[in-house]
Amino acid sequence: MKWRRAAYFLLPAFVMYSLFVVYPLLSALGYSFWRWEGTARGSFAGLSNFTGLFTTFPLNQQLWPAFWHTAVFFVGTMLVQNTFGLLVAVLLTELPVAKRFFQTVFTLPYLVGGLVVGYLWSLLLSPSFGPVNKVLELVGLGSFAKPWLGDPSTALPVVILVNAWQYIGFPILLFGAALAGLPTEVAEAARVDGASPWQRFSRVTFPLLLPSIGVVSILTFIGCFNTFELVYALSGAQGNQPTGPGGATDVLGLIFYRVAFQEGGANAIGQSSALAALLFLFIFGIAVLANWAIRRREGSLT
Amino acid sequence: MTVLHEPVETVAKPPRPAARRRGRRRTPRERAMVILGVALLLGYAVVAIAPMIVMVIDSLRPNRAVLSDPLGLPTSLDFSSYTKAWTDASFATYMGNSALVTISAVALDVCVALPAAYVLGRYQFRGSGVLIAYFLSGLMLPIRLGILPIFYLLGNFGMIDSRVGLVLVYAASGIPFSVFIMSAFFRGLPRELEEAARIDGAGEFRTFARVMVPLVKPAIATVVVFRFVPLWNDFFFPLVLLRSTDKYTLPVGLTQFFGEFQTNWSALFAGLVITTAPIVILFLVATKQIVAGLTAGMGK
């Protein structure tokens, strides 16, 4: 096909993708080097927007905690997905059960979306009328009932569990597809050689699943560091709703929204763009690195 | 690993190990493990589905009953919370907007990505490798971080508080995934197709529209279903880009609703059900495409 002919096919997608996805991300990077007065661009600011993130009140007190919350959020979600999710996927492959039925049930929460999941659980976990505390009472654990989302010590773990509850269907499906695609001969050979089920899993199946675990981890990483809706619905945009945990669930996605649209002050554009630039480099950088590492590993395996 | 040729096929494979095991006799210990495993699956199924069942049941009970006992069963079906949400809180408008925006965005996304995926999937030319990498890098880009420039860009076009602006952003954000899935499909089609079409005298565009596109319908279905879900649920972009209530999509409308009806739990549950219902119906109709879309990333 001639270049000119190909251009007709490629141009619409190229222009739209460049204009609404690539260009905005690059401009955000550009914005971050200027001072802004409202929406008017002021003088060149060098790196002062970046240093300002760590020195201006209240951001300097929110940013690092938010980073750690997000990191814990990611690690916690990943631990649940790659252990429990993997276990469920293995059970669905090995046991004579209605696989499709369980997959459907486990995937439903994912489809509902972060905001709805957040609102739903904020009602379920409500201290006064919430069904969760009610269930605890019914089974005789009433003393454990507490304002789960209002207590700073339980708020983040609860948000992690809700997030894992929502997304668990994805690793289950992905691991399931990976398990179905594994060569049966290897596991069979191990069985003939007298390997126990656990040995077969840990020495044969698990190493073959590592690429899938890598993919799940990367996508979870991108998802967690972009999380916004879920925490917005569970704790409010300020993270300090009357029932909120006093900032204990502030994640980076929420801080970014807050700086850009709520309390950024006159230089909101400069400041939030600097934050966007840092987040972008961090998220995209790690995702690309991890992807590269997985591909390299795959290359050495086959 | 190479890109999957036919994502749908890989997941449709039968679970071989399970089928094989059924034929073998189990020892008592194995039987105990099976029972334990099934119990675990059933137990988690309850955890996964119970919140949504509570949501539906409580939306059908009067608010007073919900507040006094959130786990009670309905004595009679009470649809007044739905009428309240649908008319008083203008969920009818939100639903219309969500449907309009999501369907237009997915349609635009497919129309734009399809020809690009065709060329990238079937032809190699100078720069084609770079172009593929350029499009696919979008799979990992945190698009929301560009929200301020997107905001001013749409402002320049006079598209702030406009559903058209939202559609453009949504369609563009779907292009990487659509190109990824559909180009893999195009790549898997046999070479002879174009030759046959050319011998029959069909031009490049005709070959594409009449021969190739009909053959990638499964890929189109995967893209449609799988892009529909995140766009329907998206809250961030309409929160920033829309201003007037009559243009709100369901998630932003829902936020407003939760602010206004704080104490009417029955109505809140009804609002959640209304927002969720179309997606659940879509899922039950198109489970296969959703599973395919979710597991397509494996071949990356």
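From a predicted model like this one, the values you see are computed outputs, not experimental measurements.

### Structural notes on the overall build of chain B
Part 1: Counting its secondary structure elements, chain B contains 16 helices and zero strands.
Part 2: The buried share among the 300 residues of chain B stands at 44%.
Part 3: Looking at chain B alone, contacts between residues at least 24 apart form 80% of all its contacts between residues at least 6 apart.

### Observations concerning unusual backbone geometry
A negative phi angle is the norm for most residues apart from glycine, just as the trans form is the norm for most peptide bonds.
Residues and elements named next belong to chain B.
Part 1: The phi angle at S90 is positive, at roughly 50°, despite the residue not being glycine.
Part 2: Relative to the helices and strands, S90 resides in the loop between helix 5 (80–88) and helix 6 (91–122).
Part 3: Using a count of 18 C-beta atoms within 10 Å as the deciding quantity, one classes S90 as partly exposed.
Part 4: Positive phi, close to 55°, is recorded for D161, a residue that is not glycine.
Part 5: With respect to the element layout, D161 can be found in the loop between helix 8 (147–156) and helix 9 (163–188).
Part 6: Taking the C-beta count within 10 Å as the criterion, D161 has 14 such neighbours and is therefore assigned partly exposed.

### Some remarks on the interface of chain B and chain A
Note on interface size: it is often stated as the accessible area lost on association of the parts.
Part 1: Taken together, the contacts link 79 residues of chain B with 74 residues of chain A.
Part 2: If you tally residues by element for the side of chain B that touches chain A, the top one is helix 3 (residues 28–59) of chain B, at 13 residues.
Part 3: Looking at the side of chain B that touches chain A residue by residue, the class counts come to 61 nonpolar, eleven polar and seven charged.

### So, the environment of I175(B)
Part 1: Of note, I175(B) is situated in helix 9.
Part 2: Note: C-alpha distance between I175(B) and G37(B) (138 residues apart in sequence) is 41 Å.
Part 3: What I175(B) contacts, discounting residues up to four positions off in sequence, is A13(A), M16(A), Y17(A), D109(B), V112(B), A113(B), F135(B) and G138(B).

### Describing the packing of helix 2 (residues 48–55) of chain A against helix 3 (residues 59–94) of chain A
Residue and element names in this part refer to chain A.
Part 1: Contact geometry of helix 2 with helix 3 gives a least axis separation of 6 Å together with a crossing angle of 85°. Here helix 2 lies roughly perpendicular to helix 3, going by the angle between them. Contacts between helix 2 and helix 3 involve L53, F54 and T55 from the first element and L59, N60 and L63 from the second.
Part 2: Each residue belonging to the contact of helix 2 with helix 3 can be placed in one class, and the counts come to four nonpolar, two polar and no charged.

### Overview of the packing of helix 3 of chain A against helix 8 (residues 169–181) of chain A
Residue and element names in this part refer to chain A.
Part 1: The geometry of helix 3 relative to helix 8 is characterised by a closest axis approach of 8 Å and an angle of 50° between their N-to-C directions. The orientation of helix 3 with respect to helix 8, classified from their angle, is oblique. The two elements helix 3 and helix 8 cross, and the hand of that crossing is right-handed. Here helix 3 contributes Q81, N82, G85, L86, V88, A89, V90, L92 and T93 to the contact with helix 8, which in turn contributes P171, I172, F175, G176, L179 and A180.
Part 2: The residue inventory of the contact of helix 3 with helix 8, partitioned by class, reads ten nonpolar, five polar and no charged.

### What about the nonpolar core?
Residue and element names in this part refer to chain B.
Part 1: A113, A116, V179 and M182 are the most contacted members of the largest nonpolar core, which has 172 residues in total.
Part 2: No other element matches helix 9, which puts 16 residues into this core.
Part 3: Beyond its immediate stretch of four places on either side in the chain, M182 contacts A113, L114, A117, V216, A219 and V223.

### Digging into the confidence of the model for chain B
All names here are of chain B.
Part 1: Of all residues in chain B, 88% have pLDDT values of 70 or greater, and the mean over the chain is 86.
Part 2: When pLDDT is averaged over each helix and strand of chain B, the minimum, 41, is found for helix 1 (residues 7–12) and the maximum, 96, for helix 6.
Part 3: Contacts from residues 1–16, a stretch scored under 50 in pLDDT, to residues over four places away or in other chains number 38 contacts.
Part 4: A low-confidence stretch, residues 18–22 (pLDDT under 50), is modelled with seven contacts involving residues beyond four sequence positions or located in other chains.
Part 5: The ipTM, which scores confidence in the relative placement of chains, is 0.89 for this predicted complex, and the corresponding pTM is 0.87.

### Looking at helix 4 (residues 99–112) of chain A
Residue and element names in this part refer to chain A.
Part 1: The end-to-end C-alpha distance of helix 4 is 21 Å, a good match for the 20 Å that 14 residues give at a rise of 1.5 Å each.
Part 2: Where helix 4 bends most, at F106, the angle is about 30°, and the proline P109 comes one to four residues later.
Part 3: With ten of 14 residues buried, helix 4 is to be regarded as a mostly interior element.
Part 4: Along helix 4, the residues that are buried comprise F102, Q103, V105, F106, T107, L108, P109, Y110, L111 and V112.
Part 5: Looking one or two residues past helix 4, G113 carries a phi angle of roughly 95°, positive in sign.

Conventions and cut-offs
- Residues numbered from 1 in each chain as written.
- Chains lettered and ligands numbered in written order.
- Predicted model: local features only at pLDDT ≥ 70, side-chain atom pairs only at ≥ 80, totals over all residues.
- Helix = DSSP H or I, 4+ residues; strand = E, 2+ residues; numbered from the N terminus.
- Buried ≥ 20, exposed ≤ 12 C-beta atoms within 10 Å, placed from the backbone.
- Contact = placed C-beta atoms within 7 Å.
- Nonpolar A, V, L, I, M, F, W, Y, C, P; charged D, E, K, R; others polar.
- Axes fitted to C-alpha atoms, helices over the stretch in contact; angles between N-to-C directions.
- Parallel < 35°, antiparallel > 145°, perpendicular 65-115°, else oblique.
- Left-handed = near helix turned anticlockwise from the far one by under 90°.
- Core = buried A, V, L, I, M, F, W, Y, C linked by C-beta atoms within 7 Å.
- pLDDT = per-residue confidence, 0-100.
- Expected span 1.5 Å × (residues − 1).
- Bend = angle between axes of the 7 residues up to and from the residue.

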